[in-house]
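Understanding the architecture of this molecule
So you can see what is in the structure, the chains are spelled out below.
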Amino acid sequence: MPLTPPLVLEGVFDSGLAALLDVLRGANVSERTLQRAVRRTLGRSPVRFVQDLRVERASHLLRTTGLPPEAIARKVGYEHANTLRILLRERMGTTASALRAR
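Here the structure is a predicted model, which is why all the values come from computation and not from measurement.

Right, let's talk about the overall build of the protein chain for a bit. Looking only at helices and strands, the protein chain has seven helices and zero strands in total. Relative to its full complement of 102 residues, the protein chain shows a buried share of 34%. Summing over all exposed atoms, the protein chain offers an accessible surface of approximately 6,100 Å²; the carbon and sulfur share of this is 52%.

It is worth spelling out helix α5 (residues 69-76) at this point. The complete set of buried residues in α5 reads Ala 71, Ile 72, Ala 73 and Val 76. Among the structural elements, α4 (46-64), α6 (81-92) and α7 (96-101) are those in contact with the buried residues of α5. Of the residues flanking the end of α5, it is Gly 77, one or two places downstream, whose phi is positive at about 110 degrees.

Glancing now at the side chain of Asp 52. By secondary structure assignment, the location of Asp 52 is in helix α4. For Asp 52, a relative accessible area of 18% gives the class buried. Residue contacts for Asp 52: discarding those within four places in its chain leaves Arg 44 and Arg 91.

For the rest of this paragraph, the subject is the pattern of salt bridges. The tally for this structure, following the rule as stated, stands at four salt bridges. The closest approach of N and O atoms between Arg 44 and Asp 52, which form a salt bridge, is 2.5 Å. With relative accessibility at 28%, the residue Arg 44 sits in the partly exposed group. Across the pair Arg 91 and Asp 52 runs a salt bridge, and its minimum N-O distance is 2.8 Å. Note that Arg 91 is positioned in helix α6 and Asp 52 in helix α4, a separation of 39 residues in sequence.

Together, Arg 32, Arg 36, Arg 39 and Arg 40 give the surface a local cluster of positive charge. Relative to the assigned elements, Arg 32 resides in helix α3 (residues 31-42). Residue classification places Arg 32 among the partly exposed positions, given a relative accessible area of 47%.

Over its twelve residues, α6 extends 16 Å from the first C-alpha to the last, a length consistent with the 16 Å expected when each residue adds 1.5 Å. Of the positions making up α6, those classed as buried are Ala 81, Leu 84, Leu 87 and Leu 88. On an axial view of α6, the arc spanned by its buried residues comes to 120 degrees, and they lie on one face. Next to the buried residues of α6 lie α4, α5 and α7. Once α6 finishes, Gly 93 follows within two positions and takes phi at roughly 65 degrees, a positive value.

Basis of the calculations
Residues numbered from 1 in each chain as written. Predicted model: local features only at pLDDT ≥ 70, side-chain atom pairs only at ≥ 80, totals over all residues. Heavy atoms only, no water. Helix = DSSP H or I, 4+ residues; strand = E, 2+ residues; numbered from the N terminus. Buried < 20%, exposed > 50% of the residue type's maximum accessible area, 1.4 Å probe, protein only. Areas by Shrake-Rupley, 256 points an atom, 1.4 Å probe, with all protein chains shown as cover. Contact = heavy atoms within 4.5 Å. Salt bridge = Lys/Arg side-chain N within 4 Å of Asp/Glu carboxyl O. Patch = residues over 30% accessible without salt bridge, like charges linked within 9 Å, V, L, I, M, F, W, Y side chains within 5 Å. Lys, Arg positive; Asp, Glu negative; His and termini not counted. Charge placed at Lys NZ, Arg CZ, Asp CG, Glu CD. Expected span 1.5 Å × (residues − 1). Arc of directions from axis to C-beta.

Treat this as a map of the structure, not an account of what it does.
Here it is as structure tokens:
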């Protein structure tokens, strides 16, 4: 069963990658098969893919809402806002306040 990006995306934000892996296990798709399919299809690991999606969504929320970074971090799947701040700097080369100012 070839995995496509829409299948991989399903549930990433609402219930997390762990829930997605549970669904795939139920479909007899191993975690390692998922990792290989994601890397082959998207050119990055599943963890990197999910982090990139979360950073992209957080960036959008920072630019379009007045939610505090702590609430946005939780909304995109991070328990601590500091994790989001670090990823924003690493992946986008910017800060939450700079994104908010845009």
